[in-house]
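Chain residues, written in single-letter form:
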Amino acid sequence: MLKYWIWLATRRGLGGRGIYLVARHFPSPEQAFYAGTEEYEQIEGLKTFQPLLDKDLGQAERILRKCYENGISILTLQDASYPGRLVTIDDPPVVLYYKGTLPNLNTPSVAIVGTRRASAYGMTQARRMGYGLARCGCAVISGGARGIDTEALKGALTGGGPAVAVLGCGVD
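None of the values given here were measured: they were computed from a predicted structure.

## Here's the deal with the overall build of the protein chain
Okay, so step 1: Of the regular secondary structure elements, the protein chain holds eight helices and five strands.
Okay, so step 2: What you see in the protein chain, going N to C, is helices and strands ordered as α-α-α-α-α-β-α-β-β-α-β-α-β.
Okay, so step 3: For the protein chain, the spread of C-alpha atoms along the three principal axes comes to 60 × 35 × 30 Å.
Okay, so step 4: Relative to its 172 residues, the protein chain shows a buried fraction of 38%.
Okay, so step 5: Intrachain contacts of the protein chain at a sequence separation of at least 6 include 59% that bridge at least 24 residues.
Okay, so step 6: Approximately 10200 Å² of the protein chain is accessible, and the part contributed by carbon and sulfur atoms is 52%.
Okay, so step 7: Mean positive and mean negative side-chain charge positions of the protein chain (19 and 15 charges, respectively) differ by 13 Å.

Spelled out as structure tokens, the structure:
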């Protein structure tokens, strides 16, 4: 169930690596939720298990409700549509939140990031680059900040290709 994934992903004090180690150790986050101290002590590489002792699902349920109300979709590490390339990094996020249609990110992808205070020339070139890459079948990935990031994404959309903004905050 999604609420257990969200519970695990919101354990403050574990860090991304710790959360990933817990997810990898247990067959499901529900089993991680119901585990006890002895089982947590067996997780190799885990520096602390104290955050796992908080068994309150209230926050996870509030997040789920807010996602539903705002049309936010959720992917977990075990979902077939979880981006394959992301799984290969050292500590992939166990939960991804997104809005819109999730494109196939197993195609060639190019990340474009840059300054928020770009010159007119820089903005034009970022848009052209995004457009050209999209026309060649590449997904354009950026942070979505104003300036170069936004112009590259606009170019990709104009070019008919996938445009992905990876946010360092919630999509809400």
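So much for the structure itself; the text now carries on.
## Side note on the side chain of Ser-142
Okay, so step 1: Position of Ser-142 relative to the elements: it lies in strand E4 (residues 139-142).
Okay, so step 2: Once you skip the residues sitting within four places of it in the chain, Ser-142 turns out to touch Ile-112, Val-113, Asp-149, Leu-153, Val-164, Ala-165 and Val-166.

## Overview of the packing of helix H1 (residues 2-9) against helix H5 (residues 58-69)
Okay, so step 1: Two elements in contact, H1 and H5, have axes whose closest approach is 8 Å; the angle formed by their N-to-C orientations is 115°. You can see that H1 and H5 cross each other, and the crossing is right-handed. Facing Leu-2, Lys-3, Ile-6 and Trp-7 of H1, the residues of H5 in contact are Ala-60, Glu-61, Ile-63 and Leu-64.
Okay, so step 2: Classifying every residue of the contact of H1 with H5 by side-chain character gives six nonpolar, no polar and two charged.

Conventions used here
- Residues numbered from 1 in each chain as written.
- Predicted model: local features only at pLDDT ≥ 70, side-chain atom pairs only at ≥ 80, totals over all residues.
- Heavy atoms only, no water.
- Helix = DSSP H or I, 4+ residues; strand = E, 2+ residues; numbered from the N terminus.
- Buried < 20%, exposed > 50% of the residue type's maximum accessible area, 1.4 Å probe, protein only.
- Contact = heavy atoms within 4.5 Å.
- Areas by Shrake-Rupley, 256 points an atom, 1.4 Å probe, with all protein chains shown as cover.
- Lys, Arg positive; Asp, Glu negative; His and termini not counted.
- Charge placed at Lys NZ, Arg CZ, Asp CG, Glu CD.
- Axes fitted to C-alpha atoms, helices over the stretch in contact; angles between N-to-C directions.
- Left-handed = near helix turned anticlockwise from the far one by under 90°.
- Nonpolar A, V, L, I, M, F, W, Y, C, P; charged D, E, K, R; others polar.

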